[in-house]
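Summary of the model geometry
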Amino acid sequence: EKLNRNSYDFMNVDLTDESKVFQIIKDFNPDSICHLAAQAGVRYSLEKPHNYIDNNIKVTMNILEASRKCGVNDIVFASTSSVYGLNTNLPFSEDLKIDSTISTYSSTKYCCELLLHTYSNIYGIRARILRFFTVYGPWGRPDMAFFNFTHAILNREKIQIYNNGEMKRDFTYVSDIVDGFILALKSKQDFEIFNLGSGKFTNLMDFIGVIEEELGITADKEFLPLQSGDVISTCADITKARKELGYRPKVGIKEGISNFISWYKRYNQIK
């Protein structure tokens, strides 16, 4: 079904308010809940850890408790590749042991995964957990690296590159994430974890190089040490999502960055 501007109701609510979350779920009585609400960002989580406890763990508990009380038994949850932490077994598969998270953000997201498993096991709430890998594209958070790079390059400002550029990421275009999410929403598993990524890694310097190429500007680069909470390499094993969901990422780095730059210029009225 094609959605339009009139096909949803928007409510501006603080999800840490347990009674409001309960009332919304009770009144709306949804068939499924798509839980993408979280406090994101690795570095900020080290500065403001309590925000992440409230906005990730407490919010997820509020949603689970309201679901249990209202008889909603289907949740799709947006998690993160950050839960893999210091794992070096690339590509990351869903059955890797999770015991080396290195940021408050990733620790709280993994805690949410465990809460979902608990409620699935005890109360029969169906849950699909989707671990997103470095999502990029239009309408992303302005504090994300590719936004910062683009803004700085256009303004002839220096860009900061950590670990001296020796970083690899599984960059995943937002439309591929949306496709995977919808596939998970339609799937019938009782409880399952899926990686949503491109299935390949890109060197950070190559990613920046495509941005430079699309903008026609060479960046002024400042190379810095590895930051606390950052992992050096990520790459998703998407075998399981391919097999069980029919997930097929379609958008490569060059097309994805080109789409993003076009949107960025339109949004910011840059010619």
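Treat the numbers as computed from the prediction; the structure is a model and nothing was measured. (Residues numbered from 1 in each chain as written. Predicted model: local features only at pLDDT ≥ 70, side-chain atom pairs only at ≥ 80, totals over all residues. Heavy atoms only, no water.)

**Some details on the packing of aromatic side chains**
Considering all chains together, one arrives at 21 aromatic pairs under this definition. On the numbers, 6.1 Å between centres and 35° between planes, the contact of Y84 with F133 is tilted. On the criterion of sequence distance, the pair formed by Y84 in the loop between β2 (74-80) and α4 (104-123) and F133 in the loop between β3 (126-132) and β4 (135-136) is long-range, its members being 49 residues apart. The exposure classification of Y84 matches that of F133, with both residues buried. Their ring planes at 50° and their centres at 5.0 Å tell us that Y119 and Y123 sit as a pair that is tilted. Of the two residues, Y119 and Y123 are both situated in helix α4; the distance of 4 residues between them amounts to about one turn of the helix. On the accessibility criterion, Y123 (42% relative accessible area) is partly exposed. Of the aromatic side chains, those joined through ring pairs into one cluster are Y136, W139, F146, F147, F171, Y173, F207, F260, W263, Y264 and Y267. (Phe/Tyr/Trp six-rings, centres within 6.5 Å; stacked < 30°, edge-to-face > 60°. Helix = DSSP H or I, 4+ residues; strand = E, 2+ residues; numbered from the N terminus. Buried < 20%, exposed > 50% of the residue type's maximum accessible area, 1.4 Å probe, protein only.)

**Section: the pattern of salt bridges**
Oppositely charged side chains can form a pair if their charged atoms are brought close together. Under the defined criterion, the tally for this structure stands at 12 salt bridges. Across the salt bridge formed by E65 and R68, the nearest N and O atoms sit 2.8 Å from each other. Taken together, the residues E65 and R68, both in helix α3 (residues 49-70) and 3 residues apart, mark about one turn of the helix. Looking at R68, the relative accessible area reads 33%, which means it is partly exposed. For E212, the salt bridge goes to K221, with nearest N and O atoms at 2.7 Å. When salt bridges with common partners are traced through the structure, they connect D74, R126 and R128 into a single cluster. (Salt bridge = Lys/Arg side-chain N within 4 Å of Asp/Glu carboxyl O.)

**Topic: the state of the cysteines**
Under the defined criterion, the tally for this structure stands at 0 disulfides. C34 takes part in no disulfide bond, and the closest cysteine sulfur to it belongs to C112, at a distance of 16 Å. Overall, the relative accessible area of 37% leaves C34 in the partly exposed class. Not part of a disulfide, C70 finds its nearest cysteine sulfur in C34, a span of 17 Å. (Disulfide = S-S within 2.5 Å.)

**A word on the sheet that holds strand β8 (residues 191-196)**
Reading across the sheet, the 4 strands line up as β1-β2-β3-β8 and stay open at both edges, with parallel pairing between neighbours. Both edges of this open sheet fall to β1 (33-35) and β8, since each of them pairs with a single strand only. Each strand axis lies, on average, 15° off the axis of its neighbour in the sheet, ignoring direction. Lying over the sheet, α3 contacts β1 and β2, oriented at roughly 170° with respect to β1. (Pairing = 2+ DSSP bridges. Axes fitted to C-alpha atoms, helices over the stretch in contact; angles between N-to-C directions. Contact = heavy atoms within 4.5 Å.)

**With respect to the pairing of strand β5 (residues 158-161)**
The alternating pattern of β5 places I159 and I161 on a buried face and K158 and Q160 on a face that is not buried. The sheet contact formed by β5 and strand β10 (residues 220-223) spans 4 bridges and is parallel. Along β10, the bridge assignment pairs K158 with D220.

**A short note on helix α6 (residues 174-186)**
Taking 1.5 Å of rise per residue, 13 residues should cover 18 Å, and α6 covers 19 Å from first to last C-alpha, within 8% of that figure. Residues of α6 that are buried include every one of D176, I177, G180, F181 and A184, and no others. For α6, the angular spread of buried residues about the axis comes to 140°, placing them on one side. (Expected span 1.5 Å × (residues − 1). Arc of directions from axis to C-beta.)

The values reported here are purely geometric and, on their own, carry no functional implication.
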